Amino acid sequence: MIRSELIEQLIGDNPDLTPRDVEAIVATFFDRITEQLAEDGRVELRGFGAFSTRARGARNGRNPRTGEAVAVEAKRVPYFKPGKEMRQRLNV
């Protein structure tokens, strides 16, 4: 499912909301998750899972085109850990 399909589904499930309202709600939801992760925070949605970030250290990588060694800087990457309910529903 992509973002536009999610919005269409929510519009169908909530006919009292306008499409513009649903788009604003979805955008706000994703923006808040992104902002919280950018502040090195954590977002937990009970029954669904938790979003957090993990640190990756600096390393030497390779340019796939030339094979040349390239220094890759340390960075934070997003991480998702599914909740217990989600794991159970996926493994029925």
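Residues numbered from 1 in each chain as written. Predicted model: local features only at pLDDT ≥ 70, side-chain atom pairs only at ≥ 80, totals over all residues. Heavy atoms only, no water.

K.L.:
Describe in detail the sheet that holds strand β2 (residues 49-56), supporting the description with residues and values.
P.N.:
The strands making up a sheet are joined through hydrogen bonds of the backbone, oriented either antiparallel or parallel. In spatial order, the strands read β1-β2-β5; together these 3 strands make up an open sheet with antiparallel pairing. The open sheet has two edge strands with one neighbour each: β1 (43-45) and β5 (75-82). Strand after strand, the sheet turns through a mean of 30° between neighbouring axes, direction not considered. When β1 meets β2, the two strands line up antiparallel, connected through 3 bridges. Among the inter-strand pairings, E44 is bridged to a residue of β2, identified as A50. Across the sheet, helix α2 (residues 19-38) is in contact with β1, β2 and β5; its angle to β2 comes to roughly 40°. (Pairing = 2+ DSSP bridges. Helix = DSSP H or I, 4+ residues; strand = E, 2+ residues; numbered from the N terminus. Axes fitted to C-alpha atoms, helices over the stretch in contact; angles between N-to-C directions. Contact = heavy atoms within 4.5 Å.)

K.L.:
Help me get a handle on the packing of aromatic side chains, residues and values and all.
P.N.:
Scanning all chains against the criterion turns up 4 aromatic pairs. Centre to centre, the rings of F51 and F80 are 4.9 Å apart; their planes meet at 45°, and the pair counts as tilted. Pair noted here: F51 is in strand β2 and F80 is in strand β5, with a separation of 29 residues, a long-range link. Exposure remark for F51: the relative accessible area of 22% places this residue in the partly exposed category. For F80, a relative accessible area of 29% gives the class partly exposed. Each member of the aromatic cluster is reached from another via a ring pair, and the members are F48, F51 and F80. (Phe/Tyr/Trp six-rings, centres within 6.5 Å; stacked < 30°, edge-to-face > 60°. Buried < 20%, exposed > 50% of the residue type's maximum accessible area, 1.4 Å probe, protein only.)

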